[in-house]
Amino acid sequence: MSSDTRDRILDALESVLLEHGMTKVTLDGVAAAAGVSKGGLLYHFKTKDALVAAMVRRLAVQADQQRSDAAAGGTSVAEWYLQPPDSISEKEIELYRSTLAALRSVDGNSGEVQDAVVDMMQQWDEGLRTEIDDPVQAEIIRLVGDGIYLGAVLDLPPVDPELHKRVVDRLLGR
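Thresholds applied
Residues numbered from 1 in each chain as written. Predicted model: local features only at pLDDT ≥ 70, side-chain atom pairs only at ≥ 80, totals over all residues. Heavy atoms only, no water. Helix = DSSP H or I, 4+ residues; strand = E, 2+ residues; numbered from the N terminus. Buried < 20%, exposed > 50% of the residue type's maximum accessible area, 1.4 Å probe, protein only. Contact = heavy atoms within 4.5 Å. Areas by Shrake-Rupley, 256 points an atom, 1.4 Å probe, with all protein chains shown as cover. Lys, Arg positive; Asp, Glu negative; His and termini not counted. Charge placed at Lys NZ, Arg CZ, Asp CG, Glu CD. Axes fitted to C-alpha atoms, helices over the stretch in contact; angles between N-to-C directions. Parallel < 35°, antiparallel > 145°, perpendicular 65-115°, else oblique. Left-handed = near helix turned anticlockwise from the far one by under 90°. Nonpolar A, V, L, I, M, F, W, Y, C, P; charged D, E, K, R; others polar. Salt bridge = Lys/Arg side-chain N within 4 Å of Asp/Glu carboxyl O. Patch = residues over 30% accessible without salt bridge, like charges linked within 9 Å, V, L, I, M, F, W, Y side chains within 5 Å.

What follows concerns the overall build of the chain. Helices and strands together make up the secondary structure of the chain, namely 9 helices and 0 strands. In the chain, the succession of helices and strands from N to C terminus is α-α-α-α-α-α-α-α-α. Projected onto its principal axes, the C-alpha positions of the chain cover 55 × 35 × 30 Å. Per-residue burial for the chain yields a buried fraction of 40% across its 174 residues. Long-range contacts, defined as pairs at least 24 residues apart, comprise 71% of the intrachain contacts of the chain with a sequence gap of at least 6. As presented, the chain carries roughly 9,700 Å² of accessible surface, and 54% of it is formed by carbon and sulfur atoms. Here the chain carries 18 positive and 29 negative side-chain charges, and the mean point of each set is 4 Å from the other.

What follows is the structure, given as structure tokens:
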């Protein structure tokens, strides 16, 4: 089976997650949504955890591409990480909500899904630490960025855009 099939399966998983939530994700349902047999799905992903972990890894690749595109336009890793919530697409927020639901389903037990999320977060952390000499400042920026993103995922009241800009400017020493 081709990588096109693999991508189609992951697209189907994202659709099922967005439409029905993690509790409704089954291998049979994802296979049907992707237009493949359950055996075809299992050829690519041996377990439900492997399937969800692959989705998380793909989200990480997409986020890295967004970060690279931002850098090509003159945006630093820190600026990208601290972007205002209104610049995060609704689809991206929904997919991260689904990822959080998947993490809740593992109940803190180490596994493929949690490992994929940890790997993704470590890549972003390394990007910040590479760009920012002071490890304490890099950690503060990571924590603030995580909070901004969590607020967007939880649909919390937004921070005033001018205040957000002032926070970012202070964190970046501008």
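Attention now goes to unusual backbone geometry. One non-glycine residue, Asp155, lies in the positive phi region at around 55°. Looking at where Asp155 falls in the secondary structure, it is placed in the loop between α8 (135–153) and α9 (161–171).

Quick look at the packing of helix α7 (residues 112–131) against α8 now. If you want to describe how two helices pack, look at the angle between their axes and the distance between the axes. Running from amino to carboxyl end, α7 crosses α8 at an angle of 135°, the nearest separation of the two axes being 9 Å. Judged by the angle between their axes, α7 and α8 are oblique. α8 is crossed by α7, and the crossing has right-handed handedness. Residues Met121, Asp125, Leu128 and Arg129 of α7 pack against Pro135, Ala138, Glu139, Ile141, Arg142 and Asp146 of α8. Tallied by class, residues from the contact of α7 with α8 come to 5 nonpolar, no polar and 5 charged.

What follows concerns the environment of Glu14. As for its placement among the helices and strands, Glu14 is situated in helix α1 (residues 3–20). On the accessibility criterion, Glu14 (4% relative accessible area) is buried. Placed 100 residues apart in sequence, Glu14 and Gln114 show a C-alpha to C-alpha distance of 17 Å.

Moving on to the pattern of salt bridges. For the coordinates displayed, the defined rule picks out 13 salt bridges. Linking Glu139 and Arg142 is a salt bridge whose minimum nitrogen-to-oxygen distance equals 2.7 Å. Linking Glu139 with Arg142, this pair stays in helix α8, spanning 3 residues, or about one helical turn. A salt bridge links Asp169 to Lys165; the nearest nitrogen and oxygen atoms lie 2.8 Å apart. Within this pair, Asp169 and its partner Lys165 are both found in helix α9, separated by 4 residues, close to a single helical turn.

Right, let's get into a nonpolar patch on the surface. Taken together, the side chains of Leu150, Leu154 and Leu156 present a nonpolar region at the surface, about 280 Å² in accessible area. In this fold, Leu156 is placed in the loop between α8 and α9. We classify Leu156 as partly exposed; its relative accessible area is 47%.

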